[in-house]
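Chains, contacts and geometry: an overview
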Amino acid sequence: SENGGTFDLVILGAGSGGYAAAIRASELGMKVALIEKNKLGGTCLHVGCIPTKALLHSAEVADAARDSETFGVKASFDGIDMAGVNAYKDKVVSRMFRGLTGLIKSHGITVVEGEGRLTGRDEVTVGDTVYKGTNILLASGSEPKTLGLDIDGEKVITSEQALTMERVPKSVAVLGGGVIGVEFASVYRSYGSEVTIIEALPHLLPLEDESTSKQLERAFRKRGIKYELETPFESVKTTDSGVSVTLQGGKTLEAEVLLVAIGRAPVSEGLGYEDNGIRMERGFVEVDENLHTGVGNIYAVGDLIPTLQLAHAGFAEGIYVAEQLAGLNPPAIDYDGVPRITYSEPEVASVGLTSAKAKERGYEIVELDYNLGGNGKSQILQTQGSVKVIAQKDGPVLGVHMIGSRVGELTAEGQLIYNWEALPSEVAQLVHPHPTQSEALGEAHLALAGKPLHVH
Ligand code: FAD
């Protein structure tokens, strides 16, 4: 074997978690090797956050064309040119990719191309070259779960193939009503497909506050998106024209395409993790509060560990590990305070606890659901939805849950409110700019503080 050198930190995987750790560690003076078998940036940049949000933006433009009459504009929706959509999406991704590549280079990080394996407590091997690390960070990420279904890439696809569609299917069945399923259902519907979501649990976005999920279901129904709730799927058959999906109870659904969006599984098999004594649970690497695996100086971040599978959680975890290694003693991550956004139309966004979770933790709560019907900007945008604030009785805000076009951006304020443990009366003191959707947050807190303004 060849000697690839000795580093302060060797990172396996250059997705959101791995590259954030690499950048922060090198800023803090560490010598870093970043090993990547595919492309710098990982899932989020290449087949996750960024390309899906580009598809969603094209969907928004399509909706605007379709609804132009509402705003007195003469335009028409004449269909989707997938080549054009893909060119736009690819332009965004490649620009971000060039930027990230330059950023990593400018930090003097050693980038190693190839598939790495943990071959000891302080080394990762790529081919026959060994990279020694005083510290090791596992950041190999995740991939779509398939439930053993035959993903042929044409009739049965995952989010990965959904990102390179060459034409708009007439009909799509979406298996899974979580974030990814809901976002793609929204995209396909805007592009003109007939869409049906199949979800085993009682609601779409089952991790969100139930009241938000119900509003999303109503909004989707209005958009003509169908869904089967509490209906586990049983089997799939491909047919000449597409797929035939059988649901529990015997009902069948025909569609041109089945998108399998039932979650993501960690990439951890055959990488030497278990061989080196790392504890695993359902493929996830187990870590303590410090994101330490309990073995040597080996840490793990991102979708590989059983925390939130979100890019910004990965960034935070990567930075957290790098700062610990540099002896900065950073505070542990409060996962309840990490915002969660589903970028469908309408958007769903939240931070903090749901009503159910707050009660489960024994809080006596008060809550206020402010309807966007009273919010000027939402009327201008012709969007419906609400901002729901949950607070501890005579105490701080415990959760903010929003639904409506563009409300994702409002989590910026929601997270300050939650993480700084603000009292509703304190937020009520803040003067919100008129007319913005952020006023809805202000109004909800005014009402909670006992001085409602635009509330019936
Ligand atoms: P990854 O990004 O998966 O990176 C892991 C990297 O490790 C990959 O580049 C892989 O090639 C590499 N690797 C694996 N094994 C090896 C090996 N043996 N040797 C070398 N390299 C290896 N999150 C959000 O916050 N917002 C969103 O809007 C959002 N949208 C999403 C949409 C979709 C369709 C999907 C699939 C995900 C989305 N996510 C979103 C989630 C987000 O992409 C992930 O949480 C994030 O990418 C996790 O980062 P990571 O570093 O843990 O793993």
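Residues numbered from 1 in each chain as written. Predicted model: local features only at pLDDT ≥ 70, side-chain atom pairs only at ≥ 80, totals over all residues.

1. Side note on the overall build of the protein
Convention followed: By the criteria applied, helices consist of DSSP H or I runs no shorter than four residues and strands consist of E runs no shorter than two, each listed in order from the N terminus. In this treatment the radius of gyration is a C-alpha quantity, and the globule benchmark scales as 2.2 Å times the residue count to the 0.38 power. In this scheme the burial state of a residue depends on its C-beta neighbours within 10 Å: 20 or more other such atoms mean buried, 12 or fewer mean exposed, and anything in between means partly exposed; the C-beta positions come from the backbone. Placing a C-beta atom from the backbone of each residue, one calls two residues in contact when those atoms lie within 7 Å.
The helix and strand tally for the protein stands at 13 helices and 24 strands. The C-alpha radius of gyration computed for the protein amounts to 23 Å, which stays within 12% of the reference 23 Å derived for 456 residues, consistent with globular compactness. Buried residues in the protein amount to 47% of all 456 residues. Sequence-distant contacts in the protein: of pairs separated by 6 or more residues, those separated by 24 or more amount to 65%.

2. A word on the packing of helix α3 (residues 49-66) against helix α6 (residues 179-191)
Operational definition: Each axis is a line fitted through C-alpha atoms, taken for helices only over the stretch in contact, and angles between the N-to-C directions span 0 to 180 degrees. Crossing handedness is read from the near helix: turned anticlockwise from the far helix by less than a right angle, it gives a left-handed crossing, and turned clockwise, a right-handed one. Note that Gly is not counted as nonpolar here; it falls among the polar residues with everything else outside the nonpolar set of Ala, Val, Leu, Ile, Met, Phe, Trp, Tyr, Cys and Pro and the charged set of Asp, Glu, Lys and Arg.
Contact pair α3 / α6: the axes reach a minimum separation of 9 Å and the direction vectors enclose 35°. Like other packed secondary-structure pairs, α3 and α6 cross with a definite hand, here left-handed. Of the residues in α6, those touching α3 at Thr52, Leu55, Leu56, Ala59, Ala62 and Asp63 are Glu183, Ser186, Val187, Ser190 and Tyr191. Looking at the contact of α3 with α6 residue by residue, the class counts come to 6 nonpolar, 3 polar and 2 charged.

3. A look at the UniProt feature "binding site: NAD(+)" (unreviewed entry) in the protein
To keep it simple, the criterion reads: UniProt positions are given in the numbering used here, feature names are shortened, and annotations may be inferred rather than shown by experiment.
Listed under "binding site: NAD(+)" (unreviewed entry) in the UniProt record, and renumbered for this structure, are Gly176, Gly177, Gly178, Val179, Ile180, Gly181, Val182, Glu183, Glu199 and Gly263. What stands out for the annotated residues spanning 88 residues is how close their C-alpha atoms remain, the widest pair being 14.0 Å apart. Along the polypeptide, valine 179 turns up in helix α6. Sequence-distant contacts of valine 179, that is, excluding residues within four places in its chain, are made with Leu205 and Thr342. Position of glutamate 183 among the secondary structure elements: in helix α6. By the C-beta count within 10 Å, which is 25 here, glutamate 183 ends up buried. Not counting residues within four places of it along the chain, the set of residues in contact with glutamate 183 comprises Thr52, Leu56, Thr342, Tyr343 and Ser344.

4. A look at the sheet that holds strand β22 (residues 365-371)
Operational definition: Here, a strand pair is defined by DSSP locating no fewer than two bridges between the strands.
Taken in spatial order, the 5 strands of this open sheet run β20-β21-β24-β23-β22, and their pairing is antiparallel. Taken across any chain shown, the strands that pair with only one partner, and hence form the sheet edges, are β20 (340-342) and β22. Here the average twist between neighbouring strands, direction ignored, is 10°. Bridge count for β22 against strand β23 (residues 386-392) is 7 bridges, and the pairing is antiparallel. What sits directly across from glutamate 367, in β23, is isoleucine 390. Across the sheet, helix α13 (residues 438-448) lies against β22 and β23, angled at about 140° from β22, the strand it touches most.

5. Regarding the nonpolar core
What counts, and what does not: As used throughout, a nonpolar core is a set of buried Ala, Val, Leu, Ile, Met, Phe, Trp, Tyr and Cys residues joined through C-beta atoms within 7 Å of each other.
Core analysis: the largest hydrophobic core is formed by 73 residues, its most contacted members being Ala173, Val174, Leu175, Phe184, Leu258, Leu259 and Val389. Per-element tally for this core: the top contributor is α6, with 8 residues. In this structure, leucine 175 is in contact with Ile198, Phe233, Leu258, Leu259, Val260, Ala261 and Ile262, ignoring residues within four places of it in sequence. Core analysis: the next-biggest nonpolar cluster, separate from the first, contains 54 residues, Ala21, Val32, Leu291 and Leu325 among them.

6. Considering the pairing of strand β9 (residues 171-175)
Rules: Crossovers are marked right-handed if the path from the first strand over the helix to the second runs clockwise, as seen with the strands pointing away from the viewer.
Of all 5 residues in β9, 4 are buried; the element is thus mostly enclosed. Pairing analysis gives 5 bridges linking β9 to strand β10 (residues 194-198), with the strands arranged parallel. In the strand pairing of β10, alanine 173 is matched with threonine 196. A crossover connection joins β9 to the parallel β10 through α6; in handedness this β-α-β unit is right-handed. Here β9 pairs with strand β15 (residues 257-260) via 4 bridges, running parallel. Bridge pairing in β15 links valine 172 to valine 257.

7. Quick notes on the sheet that holds β10
Spatially, the 5 strands line up as an open sheet ordered β8-β15-β9-β10-β11, and their pairing is parallel. Whereas interior strands pair on both sides, the edge strands pair on one side only; in this sheet they are β8 (156-157) and β11 (226-228). Each of β9, β10 and β15 is contacted by α6, which is oriented at about 165° to β10, the strand it contacts most.

8. A closer look at the UniProt feature "binding site: FAD" (unreviewed entry) in the protein
Here the UniProt-annotated "binding site: FAD" (unreviewed entry) positions come out as Lys53, Gly116 and Asp303. These residues run over 251 residues, and the two farthest C-alpha atoms among them are 30.2 Å apart, placing them at more than one spot. Relative to the elements of secondary structure, glycine 116 occurs in strand β4 (residues 116-120). Setting aside anything within four residues of it in sequence, one finds glycine 116 in contact with Leu12, Ile35, Val124, Thr125 and Val126. For aspartate 303, a count of 30 C-beta atoms within 10 Å gives the class buried. Dropping the residues within four chain positions of it, aspartate 303 is found in contact with Gly141, Ser142, Arg264, Pro266, Gln309 and Gly314.

9. A look at the site of the ligand
We apply this condition: Only the C-beta atom matters for this test: placed from the backbone, it must lie within 6 Å of a molecule or strand for the residue to be near it.
Around the ligand, the surrounding shell holds 37 residues, and the nearest of these are Gly13, Gly15, Gly42, Gly141 and Gly302. In terms of residue class, the shell around the ligand is built from 13 nonpolar, 19 polar and 5 charged.

10. What to know about the confidence of the model for the protein
Close inspection of predicted coordinates is inappropriate for parts of the model with low pLDDT. Heads up, the condition is: pLDDT measures how confident the predictor is about each residue, on a scale from 0 to 100.
Looking at the protein as a whole, the pLDDT averages 97, with 100% of positions reaching at least 70. Complex prediction metrics read pTM 0.97 and ipTM 0.99.

11. Side note on helix α4 (residues 82-106)
Our working rule: Between the first and last residue of a helix there are one fewer steps than residues, each counted as 1.5 Å, and that sum is the expected span.
Taking 1.5 Å of rise per residue, 25 residues should cover 36 Å, and α4 covers 36 Å from first to last C-alpha, within 8% of that figure. Turning to α4, its buried residues are Val85, Lys89 and Ile104. One or two steps after α4, the chain reaches glycine 108, where phi turns positive at roughly 70°.

12. Remarks on the environment of glycine 177
Positionally, glycine 177 belongs in the loop between β9 and α6. C-beta crowding within 10 Å serves as the criterion here: with 27 such atoms nearby, glycine 177 is assigned to the buried category. Taking C-alpha positions, glycine 177 is 35 Å from lysine 74, a pair spaced 103 residues apart along the chain. Sequence-distant contacts of glycine 177, defined by excluding residues within four places in its chain, comprise Val182, Ile197, Glu199, Leu204, Leu205 and Tyr227.

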